[in-house]
Amino acid sequence: MSSTESSHVFEPGAELARSSSPARILTLVHRHGSLSRAQLTKLTGLNRSTVGVLIAALVAHGLVFEAAPAGEAQVGRPSPEVHPNPAVAALAVNPEVDAVTIGLVGLGGRVLRKVRYPTQRIPTAAEAVNIAAAVIAGMRGELDAQYRVVGIGVAVPGLVTVADGVVRHAPHLDWNNEPVAQMMAEATGYRVRVANDASLAAEAEMTFGAATGIANLIYLNGGASGIGGGIVADGRLLTGVCGYAGEIGHTLVRSDGTSCHCGAFGCLETEVRQAPLLAALKLDAGDPAALARALSATNDPAVTSEVHRQVAYLATALRNVVNVFNPEAVVLDGFLAALYAAAPEQLLAAVTAQSMREPGAQVTIHPAALGADLMMVGAAELAFAQLLTDPAGFMEAH
Ligand SMILES: [Zn+2]
């Protein structure tokens with residue numbers, strides 16, 4: 001895989017602008033779910049007859065289909081709408097410290113199937129690949145009969161070299177230099193691409209979620225094992241040289257803070273953590289929704305104090321990204337969404353007060369919209385990228 005090819009994965013805006021006409025039509029239908037011919041004509045700037053020819057070609061390849069619009073009866077012949085064909089699908093894999101989740105996602109970004117396979121201990125890379133391959137093998141009859149699978153996207157909580165799909169360092173999984181793309185391809189026979197989970201989530205939120213159409217956004221996800229981030233600047237996910245960019249969890253928020261596994265100290269990830277919130281609430285473990293409910297139901301001063309302490313450190317990290325990137329939106333996911341829901345005014349006021357006045361006044365804060373499906377949708381986008389860039393070439397080659 002060339003670095004040029006891999007760059008398509010992270011450039012939805014640029015990709016759309018320079019891609020061929022069939023790619024533009026397919027990408028628009030994929031992102032919007034369904035569009036009329038008139039809408040496609042307007043969005044692409046192409047003339048109506050050209051759009052008709054391109055749609056016919058995509059229909060012939062089985063990538064989209066046309067259907068009468070749903071809803072009330074219309075006078076005269078209704079204009080058909082173009083839909084993505086969900087039988088063209090991608091597999092998504094997300095290894096975590098306590099489970100491996102495998103999903104099937106249709107063109108259009110809808111999760112068709114999701115299997116969460118809990119593990120007794122933190123899975124090694126080989127174990128995670130074996131689990132995913134076994135689940136996929138179990139689905140294989142159905143996949144071969146009913147779907148055209150474009151490949152597998154893997155979302156890993158760690159630093160990933162996107163060009164070769166090697167996980168360089170995933171601290172919480174304790175994976176180092178694991179050639180996950182190659183291992184997964186050998187185990188399943190599918191094309192495989194791998195990237196950082198929070199980066200993929202940021203793209204999914206921009207493409208399908210809370211930040212649709214927002215070209216400058218900061219995404220932060222708080223999980224049991226830490227804080228991941230993704231930065232979308234001017235419509236592009238910021239990757240850095242190798243795909244490592246966006247580690248906002250390891251920016252300094254407290255100069256006398258505790259030491260972090262990354263080797264530094266006072267990181268956002270060491271000061272803003274799920275575990276002290278759960279401990280203050282006397283919860284064992286909680287999904288973000290349960291945590292948010294528990295936080296809203298309590299008036300325990302110990303909990304309130306911990307919330308305010310964490311919100312203050314989160315605001316410091318956000319002040320830094322607001323001043324550096326001038327984002328339109330900050331999207332908070334996982335336990336950070338619950339923390340925000342517990343003190344929304346405090347967080348926004350603290351970010352606004354600390355940031356420079358102009359970028360501070362422009363930023364908005366939102367909880368993530370895609371919830372539990374986010375990582376599946378994000379990983380699937382990785383697998384769909386080549387098809388969306390060159391639909392005709394891809395379908396001829398596969
Ligand atoms: Zn750190």
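See the structure shown above.
Since the model is a prediction, treat every value here as computed from it, not as a measurement. (Residues numbered from 1 in each chain as written. Predicted model: local features only at pLDDT ≥ 70, side-chain atom pairs only at ≥ 80, totals over all residues. Heavy atoms only, no water.)

### Notes on empty space enclosed by the protein
Logical step 1: Applying the stated criterion to the full structure yields two cavities of 30 Å³ or more.
Logical step 2: Elements represented by at least two residues in the lining of the second largest cavity include exactly β4 (88–95), α6 (125–146), β7 (148–156) and α7 (180–188).
Logical step 3: Grouping the amino acids of the lining of the second largest cavity by side-chain chemistry returns nine nonpolar, no polar and no charged. (1 Å grid on protein atoms, 1.4 Å probe; cavity = no way out; pocket = protein on both sides within 12 Å on 5 of 7 lines; lining within 4 Å. Points joined across faces, edges and corners; volume = space filled by probe spheres on them. Helix = DSSP H or I, 4+ residues; strand = E, 2+ residues; numbered from the N terminus. Nonpolar A, V, L, I, M, F, W, Y, C, P; charged D, E, K, R; others polar.)

### Brief notes about the side chain of T41
Logical step 1: Relative to the elements of secondary structure, T41 occurs in helix α4 (residues 37–44).
Logical step 2: Contacts of T41, omitting those with residues within four sequence positions, involve L46, N47, R48 and V51. (Contact = heavy atoms within 4.5 Å.)

### Things to note about the coordination of the zinc ion
Logical step 1: Listed as protein donors to the zinc ion are H250 (ND1), C260 (SG), C262 (SG) and C267 (SG); their distances from the metal cover 2.0 to 2.3 Å.
Logical step 2: Of note is the zinc ion, whose four donor atoms meet at the metal with angles of 104 to 119° in an arrangement that counts as tetrahedral.
Logical step 3: Along the chain, the residues donating to the zinc ion are arranged with the sequence spacing H-x9-C-x1-C-x4-C. Taken together, the residues H250 in the loop between β14 (236–237) and α9 (268–271) and C267 in the loop between β14 and α9 connect sequence positions 17 residues apart.
Logical step 4: A residue is classified by how much of its surface remains accessible, and H250, at 25% relative accessible area, is partly exposed. (Donors = N, O, S within 2.8 Å, 3.2 Å for Na, K, Ca; no water. Tetrahedral: all angles 85-135°; square planar, octahedral: opposite > 155°, others 65-115°. Buried < 20%, exposed > 50% of the residue type's maximum accessible area, 1.4 Å probe, protein only.)

### Describing the layout of surface pockets
One water molecule sets the probe size; rolling that probe over the atoms shows where empty space is left.
Logical step 1: Here the largest pocket is characterised by a volume of approximately 1400 Å³.
Logical step 2: Along the wall of the largest pocket there are 47 residues; nearest its centre are E96, N221, G222, G223 and A224.
Logical step 3: Mapped by element, the contributors of at least two residues to the lining of the largest pocket are β6 (110–118), α8 (197–208), β12 (217–223), β13 (226–233), α10 (274–281), β15 (329–334), α13 (335–342) and α16 (374–389).
Logical step 4: Ranked by the residues each element gives to the lining of the largest pocket, the list is headed by β12, at four residues.
Logical step 5: Each of domain 2 (88–200 + 373–397) and domain 3 (210–369) gives at least three residues to the lining of the largest pocket. (Domains from an automatic or database assignment.)

### Some details on the nonpolar core
Logical step 1: Grouped together as the largest cluster of nonpolar side chains are 53 residues, with contacts concentrated most on L40, F384 and L387.
Logical step 2: Examining the composition of this core, we find that eleven residues originate from one element, α16, more than from any other.
Logical step 3: When neighbours within four sequence positions are excluded, L40 is seen to be in contact with I25, L28, V29, L35, V51, I55 and V82.
Logical step 4: Counting residues in hydrophobic clusters, the runner-up holds 37 residues, among them V330, F335, A338 and L339. (Core = buried A, V, L, I, M, F, W, Y, C linked by side-chain atoms within 4.5 Å.)

### What about the packing of α10 against helix α11 (residues 288–297)?
Axes are the key here: two packed helices are described by the angle between their axes and the distance separating the axes.
Logical step 1: Relative orientation of the contacting elements α10 and α11 amounts to 50°, with a least axis distance of 11 Å. With respect to each other, α10 and α11 are oriented oblique. You can see that α10 and α11 cross each other, and the crossing is left-handed. Together, Q274, L277, L278 and L281 of α10 and L291, A294 and L295 of α11 make up the contact between the two elements.
Logical step 2: Taken together, the residues that form the contact of α10 with α11 break down as six nonpolar, one polar and no charged. (Axes fitted to C-alpha atoms, helices over the stretch in contact; angles between N-to-C directions. Parallel < 35°, antiparallel > 145°, perpendicular 65-115°, else oblique. Left-handed = near helix turned anticlockwise from the far one by under 90°.)

### A look at the sheet that holds strand β5 (residues 99–106)
Logical step 1: The sheet built from five strands is open, its strands ordered β6-β5-β4-β7-β11 with mixed pairing. Because the sheet does not close on itself, it has two edges, and the strands there are β6 and β11 (192–196). Shown here is a sheet whose adjacent strand axes are inclined to one another by a mean of 20°, direction ignored.
Logical step 2: Here five bridges tie β4 to β7, and the two strands are oriented parallel to one another. Within the sheet, the bridge partner assigned to V88 lies in β7 and is R148.
Logical step 3: The strands that α6 touches are β4, β5, β6 and β7; relative to β5, the one it contacts most, it runs at about 35°. (Pairing = 2+ DSSP bridges.)

### Re α7
Logical step 1: Within α7, the full set of buried residues consists of V180, A181, M183, M184 and T188. Mapping the buried residues of α7 onto a view down its axis gives an arc of 165°, with all of them on the same face.
Logical step 2: In this structure, the buried side of α7 is in contact with β4, α6, β7, β9 (166–170), β10 (175–178) and β11.
Logical step 3: Backbone geometry just downstream of α7 places G189 in the positive-phi region, at approximately 85°. (Arc of directions from axis to C-beta.)

### So, the side chain of T207
Logical step 1: When you line up the elements, T207 lands in helix α8.
Logical step 2: What makes T207 buried here is its relative accessible area of 9%.
Logical step 3: A polar contact of 2.7 Å, which involves the side chain of T207, links it to the backbone oxygen of E203.
Logical step 4: With residues near it in sequence (within four places) discarded, T207 still touches R31, T212 and E381. (Polar contact = N/O pair within 3.5 Å; in protein donor to acceptor, adjacent residues only side chain to side chain.)

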